[in-house]
Structure formats: C-alpha cells, structure tokens
Amino acid sequence: MNYAKKLTLIALCILFLILDNTVVPFFSIGGNYGSLLFVFVLSYSFINDYKDAVIIGVFSGLLQDLYMFNGMGLNALTNMLLCILACKIGENIFKEKRLIPVIGTFVLCLLKGFAIFTILYVLKIKMDISSILISSVYSIVLSFFMYKRVYRLCEKPFMKKQWKF
C-alpha cells in the first residue's frame, strides 16, 4: 500500500468511528443503529483483495474494540473474518453494481451480530438479540448510499495497486 492510500483509509476509519459514536446515535431507531465504520470496511473489502481486507478488518475492529468494555479483540476478529468473506464474495461480482454488496452487507451484519451475541453469551455477558436485525436493516440503508462512493474512491489512481516488475 502506498502512503496516500494508507493515510486515506486511516483517516476515513477514524472519521467513521467518531461519527458512529457521536452523530449516528441521534438517528437511531428504537435505540439501535448501524455502524458507518463496519459498512465502510465491508464495502471496501467487496472491492479490494484479501490483504487489504484483512488489514482494514483488523484495524477497524481494534478501533471498535476501544469502545467495547468486555471482549477486547472481539470486533477485530469478527471484522477480519467478515471482511475476508466480503472479499471472497467480491471476487465474483460486477463491482460497479451495488445490489450484491448491499445485500451482502445486510447478511454480513447479521452474521457479525449473531457471532458477537454468541461469544458474549458464552462469556455470560448480556446483549439484546432483537437489536441485531434492526441494526442490520439500518446498515443496508447506509450501504446503499455508501457503496458507490467507496467504489469511486477505490477507482482513484492513488488507491489502485501499483504493479512493479
């Protein structure tokens, strides 16, 4: 990764983390809301390769773990695995079309919610399971508006992989 690409991704991840914890809760539905950061990293992973998906998945998960008191590393693990899955799905789609990534984001948000619920249940930490579906529906709306913008960002020359011979 070149430096402009790294700085752009780091800045966007931090911006979305800040928005997730400050602005997005004001637009909650029944106290539930999606994650701009998670939708961004999934959209990015649908478009890019495995290495980028793993790096951005772990980085975004660690940022989210800063705000999760119990289960440090839980978001890093789930984000990484789901970004790899998004990358795998992204290999077989037309990346300029948003239908599959938007539906994929919904399914992957559901998977993340159930994975975190299951792990926290095993650790005897309570979580409301009904919030998973509402947050996933919220994320599908976010993804619908975000995916094309992420695709256009990934098409910029400084974001593309430079071939070296």
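Criteria and thresholds
- Residues numbered from 1 in each chain as written.
- Predicted model: local features only at pLDDT ≥ 70, side-chain atom pairs only at ≥ 80, totals over all residues.
- Heavy atoms only, no water.
- UniProt positions renumbered as here; feature names shortened; annotations may be inferred.
- Helix = DSSP H or I, 4+ residues; strand = E, 2+ residues; numbered from the N terminus.
- Buried < 20%, exposed > 50% of the residue type's maximum accessible area, 1.4 Å probe, protein only.
- Contact = heavy atoms within 4.5 Å.
- Disulfide = S-S within 2.5 Å.
- Axes fitted to C-alpha atoms, helices over the stretch in contact; angles between N-to-C directions.
- Left-handed = near helix turned anticlockwise from the far one by under 90°.
- Nonpolar A, V, L, I, M, F, W, Y, C, P; charged D, E, K, R; others polar.

Looking up the protein in an unreviewed UniProt entry gives the name Rod shape-determining protein MreD, with the organism given as Clostridium cadaveris. Entered under Subcellular location (unreviewed entry) in the UniProt record, the comment concerning the protein runs "Cell membrane". Here the protein is described in UniProt, under the heading Sequence similarities (unreviewed entry), as follows: "Belongs to the MreD family."

What follows covers the environment of M159. One can find M159 in the segment after helix 6 (130–154). The buried category is assigned to M159, whose relative accessible area is 3%. Placed 30 residues apart in sequence, M159 and I129 show a C-alpha to C-alpha distance of 38 Å. M159 has contacts with K5, T8, L9, Y44, L153 and C154, leaving out every residue within four places of it along the chain.

UniProt records the feature "transmembrane region" (unreviewed entry) at residues 67–87, 99–123 and 129–147, using the numbering of this structure. Helix makes up 96% of residues 99–123 and strand makes up 0%, while its end C-alpha atoms are separated by 36 Å. This span, residues 129–147, is 95% helix and 0% strand, and a straight line between its end C-alpha atoms measures 27 Å.

Position of S43 among the secondary structure elements: in helix 2 (residues 36–47). Overall, the relative accessible area of 0% leaves S43 in the buried class. For the pair formed by S43 and R149, sequence separation is 106 residues and the distance between their alpha carbons is 9.4 Å. Excluding residues that lie within four positions of it along the chain, S43 makes contacts with S143, Y147 and V150.

Our focus in this paragraph is the state of the cysteines. Under the counting rule described, the total for this entry stands at zero disulfides. Its sulfur unpaired, C109 is 10 Å from the next cysteine sulfur, which belongs to C83. On the basis of relative accessibility, which here comes to 10%, the residue C109 falls in the buried class. Of all cysteine sulfurs, the one in C87 lies closest to C154, which takes part in no disulfide; the gap is 11 Å.

This part covers the packing of helix 5 (residues 99–122) against helix 6. Taken N-terminus to C-terminus, the directions of helix 5 and helix 6 make an angle of 145 degrees; their axes are 8 Å apart at the nearest point. At the point where helix 5 passes helix 6, the crossing takes the right-handed sense. Judged by residue contacts, P101, V102, T105, F106, C109, L110, G113, F114 and F117 of helix 5 engage I132, L133, S136, V137, S139, I140, S143, F144 and Y147 from helix 6. Broken down by class, the residue content of the contact of helix 5 with helix 6 amounts to 13 nonpolar, five polar and no charged.

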